[in-house]
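# A closer look at the structure
Residues per chain, in single letters:
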Amino acid sequence: LMTDPSVSRRIGRVSRILIWLAFLLAGLLVAGYAAIWADAETLRTVIEDQILPPATPYRLTDLVRVTGFIIGLLPLVAALCALWFAIHLFRLFERGEVFMPASGKAIIHIGVALVAILPAQIIMTGFASFLLTMGNPVPSISFSFESTQMLVGFAGGLMIVVGWVLGEATRIADENREFI
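These lines cover the structure that appears in this document, whether it is placed above or below.

Moving on, we come to the overall build of the chain. Scanning the chain for helices and strands turns up five helices and zero strands. Scaling as 2.2 N^0.38, a compact globule of 180 residues should have a C-alpha radius of gyration of about 16 Å, whereas the chain reaches 21 Å, well beyond that. The long-range share in the chain, meaning contacts at least 24 apart out of those at least 6 apart in sequence, stands at 75%. Accessible area for the chain stands at about 10,900 Å²; split by element, carbon and sulfur atoms hold 72% of it. The chain carries 12 positive and 13 negative side-chain charges, and their two centres are separated by 7 Å.

Laid out in C-alpha cells, this is it:
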C-alpha cells in the first residue's frame, strides 16, 4: 500500500483512464481484425504486403480463409491477453495495491503475453503462407514480423524482470515486517 494519499489518488485516477484506454484498444484490435477478414480486397492487400513474398501466386479458397482466420487469431489473442492483464494491474493500482505481490505477478503476465506476440506472429505467417501456396507446384513457407514486434517482445522481457523484482521486493519487505 502507498503512504502518500495524494500520490495514491493520482495513480488511481491515471489507472482508471488507462483501464478505459485498454478496453478501447482491445475493441479497436478486434474491429480491425474483423475488418480485414470481412473485406476480400483488404485481406488480399494484407496477404500480399505482409505474408507472402512479392509476386507469389496463391489461392484464397474458403477453407484457406477459415483456417487463416483461426491461425491469425494467435497474435491477436496474445495482444488481448496483454491488455487483459494490464486492466487487472490498473485495477490493483486503482485500489492502491501498488507494492503488492499481485502487482508483480500481473506485470509478469503482461510481459509473457507481450513476449508471445512475436512467436505467434512468426507461426501465423509461416502457416498462413503455406496454406495460401499449398496449391502451387512448390508451396512456399515465409515468416514475417516487424521490428516493432521485436521491440514489443523486448519490452515484454523487461516487464517480466520488473515484475519479478517487484515480487521479490514485496516478499523481502514482508519478511522484514515480520522481524520488527
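Below, the discussion takes up the packing of helix 3 (residues 62-94) against helix 4 (residues 101-133). Remark: helix 3 packs on helix 4, axes separated minimally by 9 Å, with the N-to-C direction vectors making an angle of 170°. When the interaxial angle is binned, helix 3 and helix 4 end up roughly antiparallel. When the residues that make up the contact of helix 3 with helix 4 are grouped by side-chain class, the tally is 27 nonpolar, seven polar and no charged.

In this section: a nonpolar patch on the surface. Taken together, Val 14, Ile 17, Leu 18, Leu 21, Leu 24, Leu 25, Leu 28 and Leu 29 make up a surface patch of nonpolar side chains, about 680 Å² in accessible area. With respect to the element layout, Leu 24 can be found in helix 1 (residues 5-38).

Another aspect to go through is the environment of Tyr 33. The residue Tyr 33 is located in helix 1 in this model. Spatially, the C-alpha atom of Tyr 33 lies 8.7 Å from that of Gly 72, the residues being 39 residues apart in sequence.

It is worth spelling out a negative patch on the surface at this point. A cluster of acidic residues, Asp 39, Glu 41, Glu 48 and Asp 49, forms a negative patch on the protein surface. Relative to the helices and strands, Asp 39 resides in the loop between helix 1 and helix 2 (40-51).

Inspection of the entire model under this criterion finds four aromatic pairs. With a centroid separation of 6.1 Å and 55° between ring planes, the pair formed by Tyr 33 and Trp 37 is classed as tilted. Note that Tyr 33 and Trp 37 are positioned in helix 1 at a spacing of four residues, about one turn of the helix. Among the residues examined, Trp 37 registers a relative accessible area of 16% and is labelled buried.

Another aspect to go through is the pattern of salt bridges. Overall, the coordinates contain four salt bridges when judged by the stated rule. A salt bridge links Arg 171 to Glu 175; the shortest N-O distance between them is 2.6 Å. Taken together, the positions of Arg 171 and Glu 175, both in helix 5 (residues 147-179) and four residues apart, correspond to about one turn of that helix. Under the relative-accessibility criterion, Arg 171 is labelled partly exposed at 37%.

Its 34 residues give helix 1 an end-to-end C-alpha distance of 49 Å, which sits within 8% of 50 Å, the value for a rise of 1.5 Å per residue. Residues of helix 1 that are buried include every one of Gly 12, Ser 15, Ile 19, Ala 22, Ala 26, Tyr 33 and Trp 37, and no others. Those residues of helix 1 hidden inside the fold are in contact with helix 2 and helix 3.

This part covers unusual backbone geometry. A negative phi angle characterises most non-glycine residues, just as the trans form characterises most peptide bonds. At Ala 55, a position not held by glycine, the phi torsion is positive, near 65°. Taking relative accessible area as the criterion, Ala 55 reaches 80% and is therefore assigned exposed.

Tracing the backbone through its elements, the reader meets Gln 149 in helix 5. Residue classification places Gln 149 among the buried residues on the basis of a relative accessible area of 14%. Ignoring sequence-local partners within four residues, the contact set of Gln 149 consists of Leu 118 and Gln 121.

How each quantity is defined
Residues numbered from 1 in each chain as written. Predicted model: local features only at pLDDT ≥ 70, side-chain atom pairs only at ≥ 80, totals over all residues. Heavy atoms only, no water. Helix = DSSP H or I, 4+ residues; strand = E, 2+ residues; numbered from the N terminus. Rg over C-alpha atoms; globule rule 2.2 N^0.38 Å. Contact = heavy atoms within 4.5 Å. Areas by Shrake-Rupley, 256 points an atom, 1.4 Å probe, with all protein chains shown as cover. Lys, Arg positive; Asp, Glu negative; His and termini not counted. Charge placed at Lys NZ, Arg CZ, Asp CG, Glu CD. Axes fitted to C-alpha atoms, helices over the stretch in contact; angles between N-to-C directions. Parallel < 35°, antiparallel > 145°, perpendicular 65-115°, else oblique. Nonpolar A, V, L, I, M, F, W, Y, C, P; charged D, E, K, R; others polar. Patch = residues over 30% accessible without salt bridge, like charges linked within 9 Å, V, L, I, M, F, W, Y side chains within 5 Å. Salt bridge = Lys/Arg side-chain N within 4 Å of Asp/Glu carboxyl O. Phe/Tyr/Trp six-rings, centres within 6.5 Å; stacked < 30°, edge-to-face > 60°. Buried < 20%, exposed > 50% of the residue type's maximum accessible area, 1.4 Å probe, protein only. Expected span 1.5 Å × (residues − 1).

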